[in-house]
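# Report on the structure
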Amino acid sequence: MRVRSCIAVEFLILIGALVISVLSATSGRPMETHEDFVAQTSREMLESGDPIVPTFGDRQRLQKPPLMYWVVGTFSKVVGRIDVPPWCARLPSAFASVLLVGVVMGLGATVYDRKTACLAGGLTASCVGVIEHGGNARPEMLYAALSSLALLGFVRAWFVHHAATSEREMRDGPGVARWALLGWIAFAAATLAKGPHLPGLMFVGVSVYMVTVDGWRTWRRSTGVVWGLPLAIGCILPWFIAVALRSDDAWAFWANELVGARFSDTEGGGGIGHWLLEFLKPDYLLHIVAETLPWGVALPLGVFVSWTGCEPGSSRGRVLFFSAVVPLFVLSLVPHSRGYYVLPLLPSVMVLMARGVLDILDGALLRPRLRLGVVAFFWFAAAVPVLEFVVVKAISPASTVLSLKTALELGTLGLIFIIGWRITSKRGSRKPVVIAILLWAWGGAVLSNEPVLWSEHDTQFDAIAEAAAQSAADGVPIVVIDFDRDDLVYATDSPVRRVPRSASALTLLEMAPVVIVGSTTSLDRLEAEGLPIERLHAFQVDKDKRVEIVRVTPLPR
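Residues numbered from 1 in each chain as written. Predicted model: local features only at pLDDT ≥ 70, side-chain atom pairs only at ≥ 80, totals over all residues. Heavy atoms only, no water.

## Comments concerning the overall build of the protein
Helix and strand counts for the protein stand at 26 helices and seven strands. Relative to the compact-globule value of 24 Å for 557 residues, the protein shows a C-alpha radius of gyration of 26 Å, a close match. Judged by the C-alpha coordinates and their principal axes, the protein covers about 90 × 60 × 50 Å. Across the 557 residues of the protein, 53% fall into the buried class. Looking at the protein alone, contacts between residues at least 24 apart form 72% of all its contacts between residues at least 6 apart. For the protein, the exposed surface amounts to about 25,100 Å²; the carbon and sulfur share of it is 64%. Here the protein contributes 49 positively and 48 negatively charged side chains, and the mean placements of these two sets differ by 12 Å. (Helix = DSSP H or I, 4+ residues; strand = E, 2+ residues; numbered from the N terminus. Rg over C-alpha atoms; globule rule 2.2 N^0.38 Å. Buried < 20%, exposed > 50% of the residue type's maximum accessible area, 1.4 Å probe, protein only. Contact = heavy atoms within 4.5 Å. Areas by Shrake-Rupley, 256 points an atom, 1.4 Å probe, with all protein chains shown as cover. Lys, Arg positive; Asp, Glu negative; His and termini not counted. Charge placed at Lys NZ, Arg CZ, Asp CG, Glu CD.)

Rendered as structure tokens:
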């Protein structure tokens, strides 16, 4: 592909990634509890005018650094919605997903070529992890984008350093310094988004490879670690110091979050002994496959492509291999596992995977059956979103609006086939690759707006929160018993008090007037103890639990 054609394709991929994420972010689906944390904390920062100490329900929330709160709050203020509705809380993640896809293409072009960059960008924009987290208010996508941007800065600086033609250029080349500066600034921003874990481990992985190949001196020059690390620390520490000056237990809390909780009984289910028994579980390899579906099954191509030596320059990808393997190894030492932890590793994995696919399709790996298998896989992958679309539409309620919308979606589907076929008309083996990517992108954009795919659990809890907010509209405080207060704070925009499950009727009567949200079991007990309650709403949240909203008024004197 010519450079101009590649640039046009890259631009279209970025536009497609933005459309997918924006449609998902504005779909109107219920907020998850972790999304509530971001939206409500941002709202309280705007209401209080205090950007330093995050609060949730008027209580300090130091579990996460503040960058996501700042971004959501700033965006909400710019668009004039300081009440931070769900779409305002989610759109920053949509923009971060576009940045992530851009970083993937930047890495592909740096390590290999623009053709690899285009394919890697398309795979990333249409994979499950980006479609899911790109429309979510949690800080995961922002963290992944910034961590990956730091990786791009360090890798690009190293390759620019290698391309220098003289000792002076190696020592003083402005390109090296600029890219290293980008890496350290992004490193600091990622730390303020969620923490130093992933960007730090990725930097260690890159450094291991660089030192092995070129030695300490070249590594130090190309990464700028001597001046870059102090710069990053200087960007990170002011917020932590400012919070610590206003909260006596902040440092102890962060130390536990960073290290202590990693091996606690609550997180690991048995402490250090359990950790030893769970040593090197393969969970994170499975998470990599899950977050990169449907392309994750091609992961072996990415694992081995930089070590085959079948094509000149294939070894350049080893720097990405180490940037992913070292974090995966360290993460596997931690007892608990979270799929979204691997999101920052997607750029490295996707670039290697794309290079492996191209090597096979271009005949670099001379295995005709393997080539046929890859082509067959992409044809199969192309059919899955269409099948899912048909199934979802079949169980959706029919209406005139839905019919018109479906007709438009089917027309778009036909256009995708035509465009995909036209793009690859001269390269038969690439037809299924392009069409599969386009169809998965289409499927992500279309199906993200389908209520039938949303969790009934989240929908039910959203309804409970709305009913509680209406019941307390006159300013009556809300109390929860045997129910999670976090699900109510954002919907009511007010502090919600939690009382123990064993609380007595007298305790709650002293709080009256009050609205109580709790399980039917607890409310029946309180009523039997003499608490006068007015039952307002009832919800069957699952087979074994019923939640009710009641009102308690003071007894006449």
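## A short note on the nonpolar core
Val155, Trp295, Leu320 and Phe378 are the most contacted members of the largest nonpolar core, which totals 112 residues. Ranked by the residues each element gives to this core, the list is headed by helix α7 (residues 140-163), at 14 residues. Among residues more than four places away in sequence, those in contact with Trp295 are Leu123, Ser126, Cys127, Met350, Met353, Phe377, Phe378, Ala381, Ala436, Ile437 and Trp440. Counting 21 residues, the second largest nonpolar core, distinct from the first, contains Phe56, Ala465, Val480 and Phe539. (Core = buried A, V, L, I, M, F, W, Y, C linked by side-chain atoms within 4.5 Å.)

## Examining the side chain of Ser76
Note that Ser76 resides in helix α3 (residues 67-78). Filtering out sequence-adjacent residues up to four positions away, Ser76 remains in contact with Leu46, Arg81, Ile82, Val84 and Cys88.

## Comments concerning empty space enclosed by the protein
Summed over all chains, the structure comprises two cavities of 30 Å³ or more. Residue lining of the second largest cavity: Ser147, Ala150, Leu151, Phe154, Pro199, Met202, Phe203 and Val206, and that is the complete set. For the lining of the second largest cavity, the elements supplying multiple residues, two or more each, are α7 and α10 (197-214). (1 Å grid on protein atoms, 1.4 Å probe; cavity = no way out; pocket = protein on both sides within 12 Å on 5 of 7 lines; lining within 4 Å. Points joined across faces, edges and corners; volume = space filled by probe spheres on them.)

## A look at the packing of helix α5 (residues 114-125) against helix α19 (residues 346-361)
Look at α5 against α19: their axes get within 8 Å of each other, and the N-to-C directions meet at 120°. The orientation of α5 relative to α19 falls into the category oblique. In terms of crossing hand, the pair formed by α5 and α19 is right-handed. When α5 is examined against α19, the residues Lys115, Thr116, Leu119, Ala120, Leu123 and Thr124 are found in contact with a partner set consisting of Met350, Val351, Ala354, Arg355, Val357 and Leu358. Residues that form the contact of α5 with α19 fall into these classes: eight nonpolar, two polar and two charged. (Axes fitted to C-alpha atoms, helices over the stretch in contact; angles between N-to-C directions. Parallel < 35°, antiparallel > 145°, perpendicular 65-115°, else oblique. Left-handed = near helix turned anticlockwise from the far one by under 90°. Nonpolar A, V, L, I, M, F, W, Y, C, P; charged D, E, K, R; others polar.)

## A few points about the sheet that holds strand β4 (residues 496-499)
Taken together, five strands build an open sheet; the order of strands is β4-β3-β5-β7-β6 and the sheet is mixed. Each edge of the sheet is formed by a strand with only one pairing partner; in this case those strands are β4 and β6 (533-542). Here the average twist between neighbouring strands, direction ignored, is 20°. In this sheet, β4 lies alongside strand β3 (residues 478-481) in parallel orientation, the contact comprising four bridges. In the strand pairing of β4, Val479 is matched with Arg497. Strand contacts of helix α23 (residues 456-471): β3, β5 (514-519), β6 and β7 (545-552), with the helix running at about 170° to β6, the strand carrying the most contacts. Sheet contacts for helix α26 (residues 520-528): β3, β5, β6 and β7; angle to β5, the most-contacted strand, approximately 125°. (Pairing = 2+ DSSP bridges.)

## Overview of the environment of Phe187
Its place among the elements puts Phe187 in helix α9 (residues 174-193). The class of Phe187 is buried, set by a relative accessible area of 10%. Remark: the alpha-carbon pair of Phe187 and Ala394, spanning 207 residues in sequence, is separated by 46 Å.

## Quick look at α10
For α10, spanning 18 residues, the distance from its first C-alpha to its last is 25 Å, which sits close to the expected 26 Å at 1.5 Å a residue. Those residues of α10 that fall on the buried side of the exposure criterion are Leu198, Pro199, Gly200, Leu201, Met202, Phe203, Gly205, Val206, Ser207, Tyr209, Met210 and Val211. Phi turns positive, to about 95°, at Gly215, one or two residues after α10. (Expected span 1.5 Å × (residues − 1).)

## Things to note about the packing of aromatic side chains
A complete count under the given rule lists 26 aromatic pairs for this structure. A ring pair is formed by Trp295 and Phe378, whose centres lie 5.5 Å apart and whose planes are at 25°; its orientation type is stacked. Separated by 83 residues along the polypeptide, Trp295 in the loop between α16 (283-291) and α17 (299-304) and Phe378 in helix α20 (residues 368-395) bring together distant segments of the chain. When its relative accessible area of 1% is taken as the criterion, Trp295 is described as buried. (Phe/Tyr/Trp six-rings, centres within 6.5 Å; stacked < 30°, edge-to-face > 60°.)

## Observations concerning the pairing of β6
For a regular strand, side chains alternate in direction, first toward one face of the sheet and then toward the other. Pairing analysis gives eight bridges linking β6 to β7, with the strands arranged antiparallel. By the bridge assignment, His537 is partnered in β7 with Ile549. What sits between β6 and β7 in their antiparallel hairpin is a turn of two residues.

## With respect to the confidence of the model for the protein
In the predicted model, the protein carries a mean pLDDT of 87, and 92% of its residues have values of at least 70. Long-range and interchain partners of residues 265-269, a stretch whose pLDDT sits below 50, account for nine contacts in this model, where long-range means more than four residues apart. (pLDDT = per-residue confidence, 0-100.)

## Describing unusual backbone geometry
Between Leu293 and the following residue, Pro294, the backbone shows a cis peptide bond with an omega angle of 5°. Note that the residue after Ala512, namely Pro513, is joined by a cis bond; omega there is 0°. Tracing the sequence through the fold places Pro513 in the loop between α25 (505-509) and β5.

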